[in-house]
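Results of the structural survey
If you want the building blocks of each chain, they are given just below.
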Number of protein chains: 4
Amino acid sequence: MHTFPEHLLQGHANFMAGRYMREKDRIRDLASEGQNPSTMIIACCDSRAAPEMIFDSGPGELFVLRNVANLVPTYQPDGGQHGTSAGIEFAVKALAIENIVVMGHGRCGGIKAALAPNQAPLDAGDFIGKWMAMLGELPGQLGKNGLMTQAERQTALERISIRNSLRNLRTFPYIAELEKAGKLLLHGAWFDISTGELWIMDAKSGDFQRPNI
Amino acid sequence: MHTFPEHLLQGHANFMAGRYMREKDRIRDLASEGQNPSTMIIACCDSRAAPEMIFDSGPGELFVLRNVANLVPTYQPDGGQHGTSAGIEFAVKALAIENIVVMGHGRCGGIKAALAPNQAPLDAGDFIGKWMAMLGELPGQLGKNGLMTQAERQTALERISIRNSLRNLRTFPYIAELEKAGKLLLHGAWFDISTGELWIMDAKSGDFQRPNI
Amino acid sequence: MHTFPEHLLQGHANFMAGRYMREKDRIRDLASEGQNPSTMIIACCDSRAAPEMIFDSGPGELFVLRNVANLVPTYQPDGGQHGTSAGIEFAVKALAIENIVVMGHGRCGGIKAALAPNQAPLDAGDFIGKWMAMLGELPGQLGKNGLMTQAERQTALERISIRNSLRNLRTFPYIAELEKAGKLLLHGAWFDISTGELWIMDAKSGDFQRPNI
Amino acid sequence: MHTFPEHLLQGHANFMAGRYMREKDRIRDLASEGQNPSTMIIACCDSRAAPEMIFDSGPGELFVLRNVANLVPTYQPDGGQHGTSAGIEFAVKALAIENIVVMGHGRCGGIKAALAPNQAPLDAGDFIGKWMAMLGELPGQLGKNGLMTQAERQTALERISIRNSLRNLRTFPYIAELEKAGKLLLHGAWFDISTGELWIMDAKSGDFQRPNI
């Protein structure tokens, strides 16, 4: 007897009857030959922002790390257990990934907590606050409260945080080196969970823009 | 000009023309009313093991944390930046999630590294080794080398690690409490990236079994 | 008067009215011309793992030796009465068999006894313990108790034992020779008595895998 | 890649689509609750004499040991590896079987070898000759050559050997005891591989007769 959620079992049966049946040979090849994705996505845990859905991607395409608010810490080889850094190291060193995309999204709960750190139910927690503190002074530098609306402040910090994560990625020596050698590209993206739109960061200006497609 | 990967842009255009068009109303509601998933999945970054694919799930259904080898640390409220613990805290405290699934998978690169820690290209890294060291003595207790095949040792450790993560989840005081009160269920699952099969952990014995569906 | 089990008599009547009637000519030919099976199966006595059922095979197809836990001893031409070796010798020398399959199965009582040798009701026996001792050091090398579940330890040993039997088969000089000459193939297989699935051993790695059919 | 015999893979696919689909629930119950057969059959490896075929039996019904010529040795608790005795011990002690059937059959290759021990290809072997020597003086006591035909001598020895095995079974102390207590019945049977007929041994006279059904 198990208590495994019925909706997951039904979903898996759909997968088996659908995608798996259609792509069986490719999936089996991926298993025996190993994964070889060209892109890593660092995304948020949010249930509305799954990279595979947003990019309509199939098995083997995206190496995906998901944490709260898609944050990347600076390079800290201090012997601590850095899960995000471990994922980045695996992607770059073991998989020789060519692109890393830091993808934020609208109405992000982690960013919201960073803007209102003393609000229930997370104020008493041990981890979220500390995790979002990775943004350091950034939330406090956002300008006087009441100037931008709450929604504007949030969108602003979501994008500021993506640029911050990209800066932090470049503190990893091998990432800086590979990027300089033209072997690794770093990208920022922001997904609007309401309109479905994808906004891409301009590498030079740091602005987020709708792609011309 | 941008260098954003073309395959991602094309994939996103597919999403907009497909799923987004079909589910527009639901996606917009999810954005304005907030996410309310009942299930958190802790999964691996592996490109072949996306929870949304495996469970054929749509936007709003799964709160997904992905790190290397789907590890959960013990509860360590030491002020450090614990990304996985932050995700768990967010799921339980902010979203009042009802199920947490720790989902491992076959041929996991992180588990492989834990079994052969001195192998290139990860031997010289700063993070993977330390991250997988979360498994502590477990890899070394696996029995004599050459008895089980490499693949069997790996599957064994993948499952041992899932049980270990579930044990670690229960060191979070609020998780132990909610589970005891019947308000939160913890599950283990293992995905065969080759056959597409899902194996579910029996809560009592810890064995992984094919669901009877 | 006889006390012969009624269910066997009824079963035999079914055989006569069914298969025998349908395949009478072939069965009579097999009797007069002699058996000429191309495959020997070394299987367990377990009532749930009959090779003829598992392979849906008819009369004349499989030369089947069944002992507890489908064990094969090493070549020991010491003048002792080695029943399994006699069966192998008959298959290879008298029947010129082309395939030998060592087929284990899940939840094997003999393997269970090897893992827990001091448990009733077999602890006081004269033969099972000694028979399973053919596995030598293997059960003790399986790694720390409590790491893998009981069921996982058992499956691991079931498969380790199959590989051990295949190694032992190769200690028979004529088997090694015929295999080298490409005239005899050795195979490992493992039957899941619950799901009905057959797992086939990869000759190179020793791994057990679902066949791609 | 594997070289597993195609006819076995096809046969197994037939099993899965046929019997397994029809009896899935019962087979799964047998797996989880354990086997509980009431009858052990000691039979020959011959490909034309599978007990499950002869008795049209399903999974869980028969605990089947098969060796060359369905021989049972005497009780020899000498620490040697007696495979047949291990099977008997398991059936009686672990499964509390109620019936043991020693089933011989016509045109048995092992019995033929016992009657012509110096004939190729088995004369030079290490095991068959020694195994059939379990019959001791019996073949030599069969009467002068040329008196009975070869076929008559063979059928005679096949039946003599069954009675000998039943005598040997009774040298196992617990078998003698259980039989005396009416808790275990011993039976002899002989299967005609040509006509499909089953001949049952009369417990008193030792004669083989067609059952009245």
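Residues numbered from 1 in each chain as written. Chains lettered and ligands numbered in written order. Predicted model: local features only at pLDDT ≥ 70, side-chain atom pairs only at ≥ 80, totals over all residues. Heavy atoms only, no water.

As annotated in an unreviewed UniProt entry, chain A carries the name Carbonic anhydrase and comes from Devosia ginsengisoli. Of chain A, the UniProt comment under Function (unreviewed entry) reads exactly: "Reversible hydration of carbon dioxide." (UniProt positions renumbered as here; feature names shortened; annotations may be inferred.)

1. So, the pairing of strand 3 (residues 99–105) of chain C
Residue and element names in this part refer to chain C. Within strand 3, 7 of the 7 residues are buried, leaving the element largely enclosed by the surrounding structure. Relative to strand 3, strand 1 (residues 39–44) runs parallel, the two sharing 4 bridges. Considered in strand 3, the bridge of T39 is made with N99. (Buried < 20%, exposed > 50% of the residue type's maximum accessible area, 1.4 Å probe, protein only. Helix = DSSP H or I, 4+ residues; strand = E, 2+ residues; numbered from the N terminus. Pairing = 2+ DSSP bridges.)

2. Observations concerning the nonpolar core
Counting residues in hydrophobic clusters, the biggest one holds 98 residues, and the most contacted among them are A:I100, A:I175, B:M132, C:M132, D:I100 and D:I175. With sequence-adjacent residues up to four places away left out, B:M132 is seen in contact with B:V68, B:A69, B:L71, B:G110, B:I111 and B:A114. Judged by nonpolar contacts, the second largest core, of 93 residues, contains A:C45, A:M132, C:I42 and D:M134. (Core = buried A, V, L, I, M, F, W, Y, C linked by side-chain atoms within 4.5 Å. Contact = heavy atoms within 4.5 Å.)

3. Structural notes on the environment of A:H187
Positionally, A:H187 belongs in strand 4 (residues 185–191). With a relative accessible area of 4%, A:H187 lands in the buried category. C-alpha separation for the pair A:H187 and A:M103, spaced 84 residues apart in sequence, amounts to 8.3 Å. Filtering out sequence-adjacent residues up to four positions away, A:H187 remains in contact with A:N99, A:I100, A:V101, A:V102, A:L166, B:T3, B:F4 and B:P5. At 2.8 Å, the side chain of A:H187 forms a polar contact with the side chain of A:N99. (Polar contact = N/O pair within 3.5 Å; in protein donor to acceptor, adjacent residues only side chain to side chain.)

4. A look at the relation of the copies chain A and chain B
When chain A is fitted to chain B, the residual RMSD is 0.1 Å, and the transformation amounts to a turn of 180° plus an axial shift of 0.0 Å. Put plainly, the chains are arranged around a two-fold axis. Among all residues of chain A, the one whose C-alpha sits closest to the rotation axis is A:R66, at a distance of 2.3 Å. Both copies share a contact surface, since 100% of the interface residues of chain A are interface residues in chain B too. (Least-squares fit on C-alpha atoms with pLDDT ≥ 70 in both.)

5. Remarks on the pairing of strand 3 (residues 99–105) of chain B
Residue and element names in this part refer to chain B. Residue alternation in strand 3 divides its side chains into two sets, N99, V101, M103 and H105 and I100, V102 and G104, and both sets are buried. Note: strand 3 against strand 4 (residues 185–191), 7 bridges, orientation parallel. What sits directly across from G104, in strand 4, is W190.

6. Examining the packing of aromatic side chains
Enumeration over the complete set of coordinates arrives at 35 aromatic pairs over all chains. Ring pairing ties together the aromatic residues A:Y75, A:F172, A:Y174 and B:F127, which thus form one cluster. Residue placement shows B:K93 over the ring face of B:Y174; its charged tip is 4.6 Å from the ring centre. One residue, B:R210, lies across the ring of B:W199, its end atom 6.0 Å from the ring centre. (Phe/Tyr/Trp six-rings, centres within 6.5 Å; stacked < 30°, edge-to-face > 60°. Lys NZ or Arg CZ within 6 Å of the ring centre and 35° of its normal.)

7. Here's the deal with the interface of chain A and chain B
Each partner contributes to the interface: chain A provides 96 residues, whereas chain B provides 97 residues. Across the contact surface, chain A and chain B share 2 salt bridges. A:R66 is the partner of B:E52 in a salt bridge, and the nearest nitrogen-oxygen pair spans 2.7 Å. At 16 residues, helix 1 (residues 6–33) of chain A tops the list of elements feeding residues into the side of chain A that touches chain B. Of the residues contributing to the side of chain A that touches chain B, the split by class is 49 nonpolar, 32 polar and 15 charged. (Salt bridge = Lys/Arg side-chain N within 4 Å of Asp/Glu carboxyl O. Nonpolar A, V, L, I, M, F, W, Y, C, P; charged D, E, K, R; others polar.)

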